[in-house]
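Each chain is listed here by its residues.
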Amino acid sequence: MKIAIIGAGPSGLVSTKYSLDEGHEIDVYEQSGYIGGTWMYTDRIGVDEYGFPVHSSMYKGLMTNVPKEIMTFLDFPYPKQQTKSYISQQEVIKYFNQYADTFHLKEHIKFYKRVTKIAAEGANGWGITAQDAKTKLTETQAYDAVFICTGHYSVPYVPKLPGHDQFTGEQVHSHNFRTCESFKGKNVLVIGGSSSGVDIAGLISKVANKVVLCYRSRLKSSDLDNVEKKQELSNITPSGVVFRDGTEDTFDTILYCTGYKYSFPFLTEGCDIRIENNWVKPLYKHIVNINHPTMCFIGIPYYLCEIPALDIEVRFALAAVGGKFSLPPKEEMLRELEEQNVERLTNGLHERYAHRIKGVQSQEKYFKELSSVANIRPMPIVLNKILDWVDNNKRDLTNCIKIIDSENFVQFKC
């Protein structure tokens, strides 16, 4: 089978590795000249030197917000001498390159090739059109299957809050945050209480005159010195904001740490994929295009052990496109999607959370579904246990863990 893989980030790398293991012919399309996707740091924002949108959302000083042990390719552990669990962005990229070099993945990557169009051809085939970053020439090739591995942390989501267009100061999304220098001496409002909001607010507070962190429901962490915390805002004014408690404050900059949107601009209408309320549909198990089962999406779910999750998602996808198990009838897969949505709404969750797999029980259920449906190797139970430990302990860079076997780990100070 000839498979096109779109993107050379972690999902593209693991897709390439497993596809080669099964003897498939592979082409990986990567618009940049490097692997790692959004994990690769660049000073650039907006567009790159070739006029393509900058994919990376990395900033200087970033440390992982979860232990490396649950962001590891299952068949390629970090070196034993690398005992620290919370590591830098540079160490993550080095690890990705070691993985790619060990399994000879880079020779299958078409660097500086940006996919501009994916179109259905025939009963199950695909035409992939890509533009060369340097020459601007385009070419189209045919494939039996396509894996979409472009990630979902590169297209910013900025909520249209009341008064958004009135603010006379600077408004920027964390996607374009690189260093703290531009915030020196300023009054900064950071909107978003998840990991990036907490981390960036802490970094900026070292140089800014004032930092206020505004969050909606709860903070990922409350251990922030020199950062004022406010729950919810009512509206934005020309010079600042009014908070829900009625207090007002003025700011030079509003920094949105409000997440990202799923976006696949290269998919033509005939691919029969739509995005509504940030719900990519119709996908079976968040992976298989129900209307065209030879198209698979890798890395759509979030809030779970994302890099290990790629492992089982890819193996599920390859089993599906390779006919190693029979997908349910289309009507049954669509009915399952609707039943899941009804359950989600009944539990008070908006459709925009369709791909959120949050918490140990949800992750365990999802992993078991994939392994049982496709009859593939299950995920190690130890991943669920580590995720539970992460959920119940605040991030401390001196906390380290070591996996003992597929079911057990130990925690220690390093």
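What you see is a predicted model, and the numbers here were worked out from it, not measured in a lab.

Parameters and conventions
Residues numbered from 1 in each chain as written. Predicted model: local features only at pLDDT ≥ 70, side-chain atom pairs only at ≥ 80, totals over all residues. Heavy atoms only, no water. Pairing = 2+ DSSP bridges. Helix = DSSP H or I, 4+ residues; strand = E, 2+ residues; numbered from the N terminus. Axes fitted to C-alpha atoms, helices over the stretch in contact; angles between N-to-C directions. Disulfide = S-S within 2.5 Å. Buried < 20%, exposed > 50% of the residue type's maximum accessible area, 1.4 Å probe, protein only. Contact = heavy atoms within 4.5 Å. Polar contact = N/O pair within 3.5 Å; in protein donor to acceptor, adjacent residues only side chain to side chain.

Caption draft 1: Spotlight on the sheet that holds strand β13 (residues 240-243). Judged by pairing direction, the sheet is antiparallel, and its 3 strands sit side by side in the order β12-β13-β14 without closing on themselves. Each of the sheet's edge strands pairs with one partner strand only, and the pair in question is β12 (233-236) and β14 (248-250). Each strand of the sheet is rotated relative to its neighbour by a mean of 25°, with strand direction disregarded. Of the pairings in the sheet, the one linking β12 to β13 comprises 3 bridges and is antiparallel in character.

Caption draft 2: Inspection of the pairing of β13 at higher detail. Where β12 folds back onto β13 in an antiparallel hairpin, the turn is made up of 3 residues. Pairing analysis gives 3 bridges linking β13 to β14, with the strands arranged antiparallel. Residue pairing for β14: valine 241 is matched across the bridge by aspartate 249. Hairpin connection from β13 to β14: 4 residues lie between these consecutive antiparallel strands, with glycine 246 at a positive phi of about 95°.

Caption draft 3: The arrangement of the sheet that holds strand β6 (residues 138-143) in detail. Ordered in space as β4-β5-β6, the 3 strands form an open sheet in which the pairing is antiparallel. A strand with exactly one partner marks an edge of an open sheet, and here the two such strands are β4 (113-121) and β6. Adjacent strand axes in the sheet meet at a mean angle of 20° when their direction is disregarded. Pairing between β4 and strand β5 (residues 125-132): 8 bridges, direction antiparallel. Bridging from a neighbouring strand, glutamate 121 pairs with glycine 125 of β5.

Caption draft 4: Looking closely at the state of the cysteines. Taken as a whole and assessed by the stated rule, the structure comprises 1 disulfide. Across the disulfide, cysteine 400 is cross-linked to cysteine 414 (sulfur-sulfur distance 1.7 Å). Taken together, the residues cysteine 400 in strand β21 (residues 399-403) and cysteine 414 in the segment after β22 (409-413) connect sequence positions 14 residues apart. Judged by its relative accessible area of 39%, cysteine 414 is partly exposed. For the unlinked cysteine cysteine 149, the closest cysteine sulfur is that of cysteine 296, found at 9.4 Å. Assessed through its relative accessible area of 3%, cysteine 149 is described here as buried. Judged by relative accessible area, which is 0%, cysteine 296 ranks as buried.

Caption draft 5: Broad picture of helix α7 (residues 381-391). Among the residues of α7, those classed as buried are Val382, Leu383, Asn384, Ile386, Leu387, Trp389 and Val390. Elements that come into contact with the buried residues of α7 comprise α4 (306-321), α6 (360-374), β21 and β22.

Caption draft 6: Structural view of the environment of histidine 173. Here histidine 173 lies in strand β8 (residues 170-173). Sequence-distant contacts of histidine 173, defined by excluding residues within four places in its chain, comprise Pro156, Tyr157, Val158, Leu255, Tyr256, Thr258, Gly259 and Tyr260. At 2.9 Å, the side chain of histidine 173 and the backbone nitrogen of histidine 175 are in polar contact. In terms of polar contacts, histidine 173 uses its side chain to reach the backbone carbonyl oxygen of glycine 259, at 2.9 Å.

Caption draft 7: Seen up close, the environment of proline 67. Checked against the element boundaries, proline 67 lands in the loop between β2 (25-30) and α2 (89-102). Between the alpha carbons of proline 67 and cysteine 400 there is a distance of 7.5 Å; along the sequence they are 333 residues apart. Not counting the four nearest positions on each side in its chain, proline 67 is found in contact with Ser85, Tyr86, Trp389, Val390 and Ile401.

Keep in mind these numbers describe shape, not what the thing actually does.
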